[in-house]
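Below, each chain spelled out in residue letters.
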Amino acid sequence: MSASGSVFQRIQKFVFSKDFVRYVCSTHFWGPVSNFGIPIAAVMDIKKDPLVISGPMTGSLVVYSLVFMRYSMAITPRNYLLFGCHFVNECAQLTQGFRYLNYWHFGGRERSIAGAPSN
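The model shown is predicted, which means the values in this text are computed figures rather than measured ones.

### Describing the overall build of the chain
- Summing up its helical and strand segments, the chain has 7 helices and 0 strands in all.
- When the helices and strands of the chain are placed in sequence order, the string is α-α-α-α-α-α-α.
- The C-alpha atoms of the chain give a radius of gyration of 21 Å, which is well past the 14 Å a tight globule of 119 residues would have.
- The burial tally for the chain puts 23% of its 119 residues in the buried class.

Here's what the structure looks like:
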């Protein structure tokens, strides 16, 4: 029982420490947290029709996430939360980009039209 009590006490001590409070009240925390809307939306869109994917916007978001993944590791202190946010976004946007290319340039549109029931 004392081992679990000590674990709880260590967690409590860490959560209420000045360093943790300073981190949670900083842009190193809230910037990535607010930015997580982009990768969440991209992951949710993976099941949608590829007809609605914007190729230029997807390409822009791929470059944007690569730049900010690099930035998150270049600043001091390194922002691993920002890196994680943009890593998830990079993966989701690359998936959307492959879906876009497959639909518009590699025969996906023709296959979906051929497979659609005729009126």
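That covers the picture; the talk isn't over yet.
### Quick look at the UniProt feature "transmembrane region" (unreviewed entry) in the chain
- The UniProt entry lists residues 20-44 and 50-69 under the feature "transmembrane region" (unreviewed entry), expressed in the numbering used here.
- As annotated, residues 20-44 comprises 88% helix and 0% strand, and the C-alpha atoms at either end are separated by 31 Å.
- Its end C-alpha atoms 26 Å apart, residues 50-69 is made of 75% helix and 0% strand.

### Focus: the packing of helix H5 (residues 55-74) against helix H6 (residues 80-105)
- Direction vectors running N to C along H5 and H6 enclose 155°, while the axes themselves pass 8 Å from each other. Here H5 is positioned roughly antiparallel relative to H6, judged by the angle of their axes. Our pair here, H5 against H6, has a crossing hand that is left-handed. Along its contact with H5, which presents Gly55, Thr58, Leu61, Val62, Tyr64, Ser65, Leu66, Phe68, Met69, Tyr71, Ser72 and Met73, the element H6 presents Tyr80, Leu82, Phe83, His86, Phe87, Asn89, Glu90, Gln93, Leu94, Gln96, Gly97 and Tyr100.

Thresholds applied
- Position labels on residues start from 1 in each chain and follow its written sequence.
- A pLDDT threshold of at least 70 governs which residues receive local features in this predicted model, and a stricter bar of 80 or more applies before side-chain atom pairs are shown or counted, although totals over entire chains, interfaces and linings include all residues.
- Calculated side-chain values reflect all of the structure's heavy atoms, with hydrogen atoms and water omitted.
- A run of DSSP states H or I qualifies as a helix once it reaches four residues; a run of E qualifies as a strand once it reaches two. Both are numbered from the N-terminal end.
- The globule rule used here is 2.2 Å times the number of residues to the 0.38 power, and the radius of gyration it is set against is calculated over C-alpha atoms.
- A 1.4 Å probe rolled over the protein chains alone gives each residue an accessible area, and that area as a share of the maximum for its type sets the label: buried under 20%, exposed over 50%, partly exposed in between.
- UniProt positions are given in the numbering used here, feature names are shortened, and annotations may be inferred rather than shown by experiment.
- Lines fitted to C-alpha atoms define the axes here, with helix axes fitted over just the stretch in contact, and angles between the N-to-C directions of these axes take values from 0 to 180 degrees.
- Roughly parallel means an angle under 35 degrees; roughly antiparallel means over 145; roughly perpendicular covers 65 to 115; every other angle is labelled oblique.
- Less than a right angle of anticlockwise turn of the near helix away from the far helix marks a crossing as left-handed, whereas a clockwise turn marks it as right-handed.
- Throughout, a contact is declared for two residues whenever any of their heavy atoms are within 4.5 Å.

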